[in-house]
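Fold and geometry: a report
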Amino acid sequence: MIPFTHLHVHSQYSILDGAASVDALVGKAKKDGMTALALTDHGTMFGIKEFHAACKKYGIKPILGCETYVAERSINDKKDKIDRSGDHLILLAKNNKGYRNLVKLISIANNEGFYYKPRIDKTLLEEYSEGLIVSSSCLGGEIPTLILKNQIAEAEESILWFKRVFGSDYYLELQRHPSELLQQREDVYDKQIQVNKVIVTLAKKYGVKIIATNDVHFTNAEDADAHDLLICLNTGKDFDDPNRMRYTKQEWFKTQQEMNELFSDVPEAILNTSEIVEKTEDYELN
């Protein structure tokens, strides 16, 4: 089995979206023999200190991060609904400088860039790029969105931009949520398969490494129904509303074995998570 580390993880600090406690996540990582773990809550770093302390308690390397929202243009342009929330992007701090830059970015996002969501933009990303590891995120990320629109040339331009700014610290994510729910299989899993095929091709073309992630929102598979109720609270929808937002119920903290089986055809995507762990320094917060 190839060692695997979760690098796309949401805790209860992703308010009304994540349903996993920090201690439960870190405890499960330890129980499964993982040596490191990332925390990447939506637009916030409120859980970072608790996460760092829990990782130290369990003897796991903490990788401090955030799933950010990147405005298509500038955070100062708030007139057009096209920038209502922004594209998802995973940022991970690989050293103390990266941590400070990440804190700066999230502070700006919440104090200056907030428009429905706490947003940054590419100008800010470039300014505070030092010490950061970046990955392309879920279907809500810029690259997957462009691929689904069949805007491959634009996706390639974006990859080249990130590669220029972040070099070998830029990675392309693969996700697979094989839902047993027909609608979510069509809306999410089938699109993930479509996007992944193009990402693998573009990764080879431009020399960008791929990583496997699971969009973790709860700890165990049996927590899916409770998380589903949480999403109803988040969106203000009735449970029996056929048009409400639904997750695939595949967003649990999968074990290393489960992830190896899920990505058995692309083992390098599992292996490359260890590369990110090796790049990340074990620094103290101050």
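Below, the structure is looked at part by part. (Residues numbered from 1 in each chain as written. Predicted model: local features only at pLDDT ≥ 70, side-chain atom pairs only at ≥ 80, totals over all residues. Heavy atoms only, no water.)

For the rest of this paragraph, the subject is the overall build of the protein. When you go through the protein residue by residue, the secondary structure sums to ten helices and seven strands. For 286 residues, the compact-globule estimate of 2.2 N^0.38 gives 19 Å, and the protein sits close to it at 18 Å. For the protein, contacts bridging at least 24 residues in sequence account for 77% of all contacts bridging at least 6. For the protein, the accessible area works out to roughly 12,800 Å², and carbon and sulfur atoms hold 50% of it. With 35 positive and 44 negative side-chain charges, the protein shows a separation of 3 Å between the mean positions of the two kinds. (Helix = DSSP H or I, 4+ residues; strand = E, 2+ residues; numbered from the N terminus. Rg over C-alpha atoms; globule rule 2.2 N^0.38 Å. Contact = heavy atoms within 4.5 Å. Areas by Shrake-Rupley, 256 points an atom, 1.4 Å probe, with all protein chains shown as cover. Lys, Arg positive; Asp, Glu negative; His and termini not counted. Charge placed at Lys NZ, Arg CZ, Asp CG, Glu CD.)

So, about the side chain of Glu173. Take Glu173: it is sitting in strand β6 (residues 170–175). In this structure Glu173 is buried but unpaired, with Arg176 as the nearest side chain of opposite charge at 12 Å. Among the polar contacts made by the side chain of Glu173, one reaches the main-chain amide nitrogen of Ser137 at a distance of 2.8 Å. In this structure the side chain of Glu173 is engaged in a polar contact, spanning 3.4 Å, whose partner is the side chain of Gln175. In contact with Glu173, other than residues within four places in its own chain, are His8, Ile90, Ser135, Ser136, Ser137, Asn196, Ile199, Ile211 and Thr213. (Buried < 20%, exposed > 50% of the residue type's maximum accessible area, 1.4 Å probe, protein only. Salt bridge = Lys/Arg side-chain N within 4 Å of Asp/Glu carboxyl O. Polar contact = N/O pair within 3.5 Å; in protein donor to acceptor, adjacent residues only side chain to side chain.)

Glancing now at the environment of Ala212. One can find Ala212 in strand β7 (residues 209–213). Assessed through its relative accessible area of 0%, Ala212 is described here as buried. The spatial distance from the C-alpha of Ala212 to the C-alpha of Val266 is 8.7 Å, given a sequence separation of 54 residues. The residues touching Ala212, leaving out its near neighbours within four places in the chain, are Phe4, Leu174, Met259, Phe263, Ala269, Ile270 and Thr273.

Now for the packing of helix α6 (residues 152–166) against helix α7 (residues 182–206). It is at 11 Å that the axes of α6 and α7 come closest, and there the two elements cross at 50 degrees. Accordingly, the angle class assigned to the pair α6 and α7 is oblique. At the point where α6 passes α7, the crossing takes the right-handed sense. Contact residues: Ile152, Ala155, Glu156, Ile159, Leu160 and Lys163 in α6; Val198, Leu202, Lys205 and Tyr206 in α7. Counted by class, the contact of α6 with α7 contains seven nonpolar, no polar and three charged residues. (Axes fitted to C-alpha atoms, helices over the stretch in contact; angles between N-to-C directions. Parallel < 35°, antiparallel > 145°, perpendicular 65-115°, else oblique. Left-handed = near helix turned anticlockwise from the far one by under 90°. Nonpolar A, V, L, I, M, F, W, Y, C, P; charged D, E, K, R; others polar.)

Glancing now at the environment of Ser135. Of note, Ser135 is situated in strand β5 (residues 132–135). A relative accessible area of 4% places Ser135 in the buried class. When near neighbours in sequence (up to four residues on either side) are disregarded, Ser135 contacts Leu89, Ile90, Tyr171, Glu173 and Ile211. A polar side-chain atom of Ser135 sits 2.8 Å from a polar atom in the side chain of Glu173.

Here we take up a nonpolar patch on the surface. On the surface, Ile15, Leu16 and Leu233 cluster together to form a nonpolar patch covering roughly 310 Å² of accessible area. If you trace the backbone, Leu233 turns up in helix α8 (residues 224–235). (Patch = residues over 30% accessible without salt bridge, like charges linked within 9 Å, V, L, I, M, F, W, Y side chains within 5 Å.)

At their nearest, the axes of helix α1 (residues 22–31) and helix α2 (residues 48–58) sit 9 Å apart, and the two run at 30 degrees to each other. Compared by their axis directions, α1 and α2 come out roughly parallel. As for the relative orientation of α1 and α2, their crossing is right-handed in sense. Residue-level inspection shows Val22, Asp23, Val26, Gly27 and Lys30 of α1 in contact with α2, the latter providing Glu50, Phe51, Ala54, Cys55, Lys57 and Tyr58. In terms of residue class, the contact of α1 with α2 is made up of six nonpolar, one polar and four charged.

Another point: the packing of aromatic side chains. Remark: the centre distance and the inter-plane angle together describe each pair of aromatic rings, the angle taken between the planes. The tally for this structure, following the rule as stated, stands at five aromatic pairs. A ring pair is formed by Tyr115 and Tyr116, whose centres lie 4.9 Å apart and whose planes are at 85 degrees; its orientation type is edge-to-face. Summarising the aromatic geometry, the rings of Trp161 and Phe162 are spaced 5.0 Å apart at their centres and angled 90 degrees between planes, so their arrangement reads as edge-to-face. Taken together, the ring pairs connect Trp161, Phe162, Phe166 and Tyr170 into an aromatic cluster. The ring centre of Trp161 lies 5.0 Å from the NZ or CZ of Lys122, which sits over that ring. Directly above the ring of Trp252 sits Lys254, whose terminal nitrogen or CZ lies 4.0 Å from the centroid. (Phe/Tyr/Trp six-rings, centres within 6.5 Å; stacked < 30°, edge-to-face > 60°. Lys NZ or Arg CZ within 6 Å of the ring centre and 35° of its normal.)

The subject of this paragraph is α2. Each α-helix winds once per 3.6 residues, and so residues spaced three or four apart point in a common direction. When we look at burial in α2, the residues that qualify are Ile48, Phe51, His52, Ala54 and Cys55. Summarising the axial view, the buried residues of α2 lie within an arc of 165 degrees, below the 170-degree limit, and thus occupy one face. Away from the buried face of α2 by more than 90 degrees, exposed residues Lys49 and Lys57 are located. Next to the buried residues of α2 lie α1, β1 (36–39), β2 (61–70) and α3 (96–111). (Arc of directions from axis to C-beta.)

Residues Leu37, Leu125, Phe166, Tyr170 and Leu172 are the most contacted members of the largest nonpolar core, which totals 66 residues. Setting aside residues no more than four positions away along its own chain, Leu125 makes contact with Val70, Leu89, Leu91, Leu105, Ile120, Trp161, Phe162 and Phe166. (Core = buried A, V, L, I, M, F, W, Y, C linked by side-chain atoms within 4.5 Å.)

Distances and angles like these do not, on their own, reveal function.
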